[in-house]
Amino acid sequence: MSTGGYYMLKSCGVDCYGRYRRLVYLQFASALAVFATGLALAVVKYGFPKSPLWIHASLGIAMAIGVVELAHLLAAGEDLDSYEKYVRAFIPLWSAGYLAMLYLMVFKPL
């Protein structure tokens, strides 16, 4: 969600940073909601201990991305220059995590 906002932030700089920071908080809250609903659906459908291995792997990846999102949330509280440095480090982590989850959910190899 905040990726599009990040490009907008790049165009207007410090003037938009306060509004962008609120978007980061909204993204964190929505990511928690998506994780909770995914976990609830796995429990309802399969019963958690009996769910397929790909679901456990996806939840593990989602928890790792959650740690990155928490760091993203904390980085948003800093100034714009520091925040941009963190975001550049987070991009490969987000990309790898989301691609891995997508692969597990589409192909279900485990």
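Model, not experiment: these values are computed from the prediction. (Residues numbered from 1 in each chain as written. Predicted model: local features only at pLDDT ≥ 70, side-chain atom pairs only at ≥ 80, totals over all residues. Heavy atoms only, no water.)

Draft legend 1. Here's a closer look at the environment of Phe90. Secondary-structure assignment places Phe90 in helix 4 (residues 80-107). Residue Phe90 is classed as buried on the basis of its relative accessible area, which comes to 8%. Separated by 25 residues in sequence, Phe90 and Ile65 place their C-alpha atoms 9.7 Å apart. The residues touching Phe90, leaving out its near neighbours within four places in the chain, are Val68, Ala71, His72 and Ala75. (Helix = DSSP H or I, 4+ residues; strand = E, 2+ residues; numbered from the N terminus. Buried < 20%, exposed > 50% of the residue type's maximum accessible area, 1.4 Å probe, protein only. Contact = heavy atoms within 4.5 Å.)

Draft legend 2. The packing of helix 2 (residues 17-46) against helix 3 (residues 53-76), seen in detail. Orientation of helix 2 relative to helix 3, taken along the N-to-C sense of each, is 160 degrees, at an axis distance of 10 Å. Taken together, the axes of helix 2 and helix 3 are roughly antiparallel relative to one another. When the axes of helix 2 and helix 3 are compared, the crossing they make is left-handed. Here Tyr17, Tyr20, Arg21, Val24, Tyr25, Gln27, Phe28, Phe35, Leu39, Ala42 and Tyr46 of helix 2 lie close against helix 3, whose contacting residues are Ile55, Leu59, Ala62, Met63, Gly66, Glu69, Leu70, His72, Leu73, Ala75 and Ala76. Each residue belonging to the contact of helix 2 with helix 3 can be placed in one class, and the counts come to 17 nonpolar, three polar and two charged. (Axes fitted to C-alpha atoms, helices over the stretch in contact; angles between N-to-C directions. Parallel < 35°, antiparallel > 145°, perpendicular 65-115°, else oblique. Left-handed = near helix turned anticlockwise from the far one by under 90°. Nonpolar A, V, L, I, M, F, W, Y, C, P; charged D, E, K, R; others polar.)

Draft legend 3. Representation of the nonpolar core in the model. One finds Tyr6, Leu9, Tyr17, Tyr20, Val24, Tyr83 and Trp94 to be the most contacted residues of the largest nonpolar core, which totals 18 residues. Of all the secondary-structure elements, those providing two or more residues to this core are helix 1 (2-12), helix 2, helix 3 and helix 4. For this core, the element with the highest residue contribution is helix 4, accounting for six residues. (Core = buried A, V, L, I, M, F, W, Y, C linked by side-chain atoms within 4.5 Å.)

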